[in-house]
Amino acid sequence: MNIAVLGAGAWGTALAAQAALRHRVLLWGRDAAQLAQMAASRRNQRYLPDIELPASLGFEADLGRCLSAVGEEGLVVIATPMASLRAMLQQMPPQARVLWLCKGFEAETGLLGHEVAQALRPGAPSGVLSGPSFAEEVARGQPTALVAASLDAALGEAMVQAFHSDSLRVYTSADPVGVEVGGAVKNVLAIATGLCDGLAQSGAAGAPGLNARAALVTRGLAEMTRLGVALGARPDTFMGLSGLGDLVLTATGHLSRNRKVGLLLAEGLPLDRILAELGHVAEGVYSARTVCRRAAELGVDMPISQAVVAVLEGQLTPPQAVARLMAREAKAEQLV
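Cut-offs applied
Residues numbered from 1 in each chain as written. Predicted model: local features only at pLDDT ≥ 70, side-chain atom pairs only at ≥ 80, totals over all residues. Heavy atoms only, no water. Helix = DSSP H or I, 4+ residues; strand = E, 2+ residues; numbered from the N terminus. Buried < 20%, exposed > 50% of the residue type's maximum accessible area, 1.4 Å probe, protein only. Lys, Arg positive; Asp, Glu negative; His and termini not counted. Salt bridge = Lys/Arg side-chain N within 4 Å of Asp/Glu carboxyl O. Polar contact = N/O pair within 3.5 Å; in protein donor to acceptor, adjacent residues only side chain to side chain. Contact = heavy atoms within 4.5 Å. UniProt positions renumbered as here; feature names shortened; annotations may be inferred. Core = buried A, V, L, I, M, F, W, Y, C linked by side-chain atoms within 4.5 Å. Pairing = 2+ DSSP bridges.

Chemist: Mind laying out the side chain of Glu223, listing which residues take part and the relevant values?
Modeler: Looking at the secondary structure, you find Glu223 in helix α9 (residues 210–230). Here Glu223 occupies a buried position and makes no salt bridge, while the nearest side chain of opposite charge, Arg226, is found at 4.7 Å. A polar contact is formed between the side chain of Glu223 and the backbone nitrogen of Ile304, at a distance of 2.5 Å. With residues near it in sequence (within four places) discarded, Glu223 still touches Leu189, Asp301, Met302, Pro303, Ile304 and Ser305.

Chemist: Which residues make up the UniProt feature "active site" (unreviewed entry) in the protein, and what are the values?
Modeler: Residues given the UniProt feature "active site" (unreviewed entry) here are Lys186. Residue placement: Lys186 occurs in helix α8 (residues 176–202). Assessed through its relative accessible area of 6%, Lys186 is described here as buried. Filtering out sequence-adjacent residues up to four positions away, Lys186 remains in contact with Lys103, Met224, Asp246, Leu247 and Thr250.

Chemist: Account for the nonpolar core, naming residues and giving values.
Modeler: Within the largest apolar cluster, 46 residues are counted, with the highest numbers of intra-cluster contacts made by Val181, Val185, Met224, Leu227, Val261 and Leu265. Elements with a contribution of two residues or more to this core: α8, α9, α10 (241–252), α11 (257–266), α12 (271–278), α13 (283–298) and α14 (303–312). Aside from chain neighbours lying at most four places away, what touches Met224 is Val181, Gly182, Val185, Lys186, Leu189, Phe238, Gly243, Leu247 and Met302. Formed by 40 residues, the second largest nonpolar core is a distinct cluster that contains Ala19, Leu146, Leu155 and Met159.

Chemist: Residues and numbers for the pairing of strand β2 (residues 24–28), please.
Modeler: The pairing of strand β1 (residues 2–6) with β2 spans five bridges and is classified as parallel. Considered in β2, the bridge of Val5 is made with Leu27.

Chemist: So what's going on with unusual backbone geometry? Residues and values would help.
Modeler: Even without being glycine, Arg42 reaches a positive phi, approximately 60°. Relative to the assigned elements, Arg42 resides in the loop between α2 (32–41) and β3 (58–59). Look at Arg42 and you get buried, because its relative accessible area is 19%.

Chemist: Could you give me a rundown of the pattern of salt bridges, with the residues and numbers involved?
Modeler: The tally for this structure, following the rule as stated, stands at twelve salt bridges. Each of the salt bridges in this network shares a partner with another, and the network as a whole consists of Glu60, Asp62 and Arg65.

Chemist: Which residues make up the environment of Tyr286, and what values go with them?
Modeler: Locating Tyr286 in the fold gives a position in helix α13. Under the relative-accessibility criterion, Tyr286 is labelled partly exposed at 43%. Separated by 181 residues in sequence, Tyr286 and Phe105 place their C-alpha atoms 8.2 Å apart. Beyond its immediate chain neighbours, meaning those up to four positions away, Tyr286 contacts Leu275 and Val281.

Written out as structure tokens, the structure is:
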């Protein structure tokens, strides 16, 4: 299969490297000098410096030539941050089979990826590849499971053909709404668990611990599910890889950028400094406000996400946010 991966960040590079072991893959990026360096050294020095890229992986700095090489029977994989998804989709050929890896809501419109695609390319085959996956582990060939979601069954099967391997297991789903909500909201909840873990590391009296982290993950899953169902998702999707699976990984894994944001906020560092030093995009920072806005429009209660927004905007300190959540009135546990 011919595959074009658009975006030479960590995740795009990792997926392209693995797919290139079995298919003809071109990796495109905005920085021609970076691509030339990657082609010469067979490494992505900025994002995955310790990973040797396969000799079969090709590089192309011209987007038009890259897309032409794929053809209508190949796959185009958009591996840019969510903020660039719309601009990339606008440049796709009408019948191109397109999927994306980004997770989040579009900041300006509050739309999920499939909603942006429907507005720009109605009827064109599109989908999302998501699930619990740190790019470094995928690049190393460590066991990973993902979910390929699309309303187009043929595209879903093509995604499996493209990426399923001995180290990468790909399941299909006909619920792109649920898969995308899970991928977007888990980043916000990972900031919350980072705040919790950061406060726990302080050792202060009454600081939250592992009990509190478990409560945040569990109640966060309930928030995610409520919003997803309100947007038309299937409830059972959130018990799968793109819901519970991705939430657990991002909320607890040491490679999680969003959890790192929460940890550093708990230490008292200002948000602008954290983002400047992070070196990667932490989608939860940009999605948190949009998550809460769409939830409010639908009448969905999301107290953990609201607390994260309050911390990000400087309205609450991390200890105040935890105290506010614990002060909520007692009621029957509901998962949806």
